[in-house]
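# Examination of the molecular architecture
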Amino acid sequence: MKTRVIQSDPDEPTTSEHPVNPAEPRVPMNLAARMAHWSGHHRKTAIFGWLALVAGLFAISIVSPMKTIVTETSGPGQSGRADTILYEDFEQPAGESVLIQSTSLKATDPDFRATVDAVIAAVSPLNAVARVQSPFDEGNEGQISADGRSVLVPLEIRGPSDEASDKIDPVVAAVAEVQTAHPDFYVGSFGESTNKALLASFGDDLKKAGAISLPLTLIILLVAFGALVAAGIPLLLGLTAVLGTFGVAALVSQVLPMDESVRAIILLIGLAVGVDYSMFYLKREREERAAGRSEEAALEAAAATSGRSVLISGLTVMVAMSGMFLTGDATFASFGVATMTVVAVAMLGSLTVLPALLSKLGDKVDRGRVPFVHRLRRDDGEGRIWGAIIDRVLRRPVVAAVLASGFLIAIAVPALQLHTAQPSIDTFPQNLLTTYNRLKAAFPGTDIAAIVVVKSADVETPAVAKAIDELKQDALDTGVMNQPIDVDINPDKTVAAVSIPVEGDGTDSTSNEALASLRDDIIPATVGTLSDTEVAVTGTTAQAKDFSDQMKTVAPLVFGFVLLFAFGLMLVSFRSVVIAAKAVILNLLSVGAAYGILVLVFQKGWGKGLLGFEFTGGIDPFLPILLFVILFGLSMDYHVFILSRVREAYDKGMSTDAAIAHGIKSTAGVVTSAAIVMVAVFAVFGSLQFMIFKQFGVGLAAAILIDATIIRAILLPASMKLLGEWNWYLPKWLEWLPHLEHGGSVEPPDAVKAPPTLEPRG
């Protein structure tokens, strides 16, 4: 029979019959402890080495700008192939359309015609304009609306399409001058200028998020630590990790191009994990100091415990993020590289420069105390409110588990109705779409087009021309595709692009019906019958459908990979099948609840007035996988940190019930503070203009809030209490797994110890 020493009073943590000498702490020298020990004895090398590394990497990001993904050649499915053909063989120019409208006159009236002529005369001489199509030329009748009160003047921008944004400003200025000279008409442009404005607005959204997130994070940290120096350390670590990762991403992008929005992901994840890791470390060090340990002993105890937790959670987060590589999508791959890198950099900083800083500062870390706030904090790590809640949960674990799990399942049920839909242009900031909205009303069914790409040795042969004519007629016969149908042929006469306007907003059922008719019925019966000819359909609808189909195909693979490897890491770390399985189940509950909230808000429209949006068509196809890997990774931070503390107490002699209470109570304060930082930063994204940001921010904020409260403070202790010794179950055939020390101290070294009692353990 095995016996183990347990405490006589659960409220007085005891792991030994003899008090520990603060000068000689029992701290196992695991990898994290060894790194901290080296950093503490080589402060200048660690601190200045870190600063030099970050400065060097950031300098690289400036002198060697990040290479971005060529979106025209990275799309999936049939639309991706069509886009690649157009990009490589067609060199289609960028375009701009000028809309002229009158509330009383028609295009045949002299004043209306004079205004149209003024537009043509203003833009034709510009170096940026290669061609102007007058609505009054023969064959251009489709540029005049059915009621005759709206006219389109299409322009072709000279040179490569990827350089058009640099040339469009003179066109916009010329159109604005015509508008000023003809105030009785509406004169506005849409096209390349709108794309440029939307990209600028997208960038402004990201800048706004950064400008709000940083001071907000500092304020929360000030409240959490009560001192300016202590609050600044986590923020500085997060920022240096972000800046360093910018450089690494710039280097990697030379081989693997990055998505343009990857910097926002780096900032978001870098701040989250950087703040988390340093808070875990710093809080434990202060707790050990409050317990009476020397500065050096407290630091090494924090390294052996919280440092080890940082290692485990960092690896778990990186494994979760690596699941994005399985999507086969270039954007996801770039996000995977970026997030894994920023987590690795933040983890390295937490294990090297952070202990060096704490060793250098010592108790000076409490300098810059905030009046009143400093008095509210507790160095023992236990929060009064969460302590009371956890006590009640442990007294009635069945009731707590049933209520909490029932609540989460109820929130997650709407996730069964989750529908993915690429946000259409109607979800973009409406102040930038005035001309587009007028154009859509005046020329219904012409603003969204399906593009049928035909590639052959010679697309001007009679057979190809006849097949294209049949394609056009069959498309019009469906009733969901309209005139004008344009056919463009490249200079080599090897590619024809047939642009067919479709009904709907580009992503709704009407547009998808048109796409299905083209792909399944019309093309196979017309251009699809041509020999030695490649045919593919692209456009807004085709791109959205192909991407959504790919995400649905790879999602089970990504989810399975992340779950399997997370289970394995937890199994090895805690030597318990139950702990590993429970970690996966609890994280799935929080992710499911987040999906349910996304459905309620963005499909059912709950709170759309508060968040400032109208679109309720569905969830961006990009989000389910992205949210899953990020949420699973970040929520593991808390789980590993809490369970490490529980296991540490258990290994040092506490009973399971006492270890659960001690571990969760002692981490409640720091987990709450870290969660508040994350929720606040993610909520900022929910307030931005673009739908992808809103959905991303709301999903992450909701999931982290649920995870840090209902999951960690109610379900986790309740389930552990109910399972008792089964928490540590490990089959005999897995006994070969390594024993990983959780290190540190549980008891204050100067406390008077009660005599231990022996508890039989079979």
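Above this note sits the structure.
Please read these numbers as outputs of a predicted model, since none were measured by experiment. (Residues numbered from 1 in each chain as written. Predicted model: local features only at pLDDT ≥ 70, side-chain atom pairs only at ≥ 80, totals over all residues. Heavy atoms only, no water.)

### Some words on the overall build of the protein chain
Looking only at helices and strands, the protein chain has 23 helices and 10 strands in total. Along the three orthogonal principal directions, the C-alpha set of the protein chain runs to about 105 × 50 × 45 Å. With 762 residues in all, the protein chain has 55% of them scored as buried. Contacts spanning at least 24 positions in sequence make up 81% of the contacts within the protein chain whose residues lie at least 6 apart. Total accessible area computed for the protein chain in this model is approximately 31400 Å², and 61% of it derives from carbon and sulfur atoms. Of the side-chain charges in the protein chain, 58 are positive and 78 negative, and the distance between the mean point of each set is 14 Å. (Helix = DSSP H or I, 4+ residues; strand = E, 2+ residues; numbered from the N terminus. Buried < 20%, exposed > 50% of the residue type's maximum accessible area, 1.4 Å probe, protein only. Contact = heavy atoms within 4.5 Å. Areas by Shrake-Rupley, 256 points an atom, 1.4 Å probe, with all protein chains shown as cover. Lys, Arg positive; Asp, Glu negative; His and termini not counted. Charge placed at Lys NZ, Arg CZ, Asp CG, Glu CD.)

### A closer look at unusual backbone geometry
Although it is not a glycine, Lys-493 sits at a positive phi angle of roughly 60°. Looking at where Lys-493 falls in the secondary structure, it is placed in the loop between strand 7 (486-489) and strand 8 (495-501). Look at Asp-532: it is not a glycine, yet its phi comes out positive at around 55°. Here Asp-532 lies in the loop between helix 17 (509-525) and strand 9 (534-539).

### A look at the pairing of strand 4 (residues 150-157)
Counting buried positions along strand 4 gives seven out of eight residues, so the element sits mostly inside the fold. Here strand 2 (residues 95-101) runs beside strand 4; their pairing, made up of seven bridges, is antiparallel. Across the sheet, residue Leu-99 finds its bridge partner in strand 4, namely Leu-152. Where strand 3 (residues 129-132) lies against strand 4, three bridges are found, and the strand directions are antiparallel. Bridge pairing links Val-129 to Ile-157 in strand 4. (Pairing = 2+ DSSP bridges.)

### Notes on helix 11 (residues 353-361)
Listed in full, the buried residues belonging to helix 11 are Val-353, Leu-354, Pro-355, Ala-356, Leu-358 and Ser-359. Against helix 1 (31-41), helix 2 (43-63), helix 7 (228-252), helix 8 (262-290), helix 9 (295-322) and helix 10 (330-351) lie the buried residues of helix 11. Gly-362 lies just past helix 11 and shows a positive phi near 60°.

### Some points on the pairing of strand 8
Counting buried residues along strand 8, six of its seven residues qualify, which places the element largely inside the surrounding structure. By the bridge criterion, seven bridges tie strand 6 (residues 449-455) to strand 8 in an arrangement that is antiparallel. Residue pairing across strands places Ile-451 opposite Ser-499, the latter belonging to strand 8. Note: strand 7 against strand 8, four bridges, orientation antiparallel. If you follow Asp-488 over to strand 8, its bridge partner there is Ala-497. Counting the residues that bridge the hairpin from strand 7 to strand 8 gives five residues, and of these Lys-493 lies at a positive phi of roughly 60°.

Distances and angles like these do not, on their own, reveal function.
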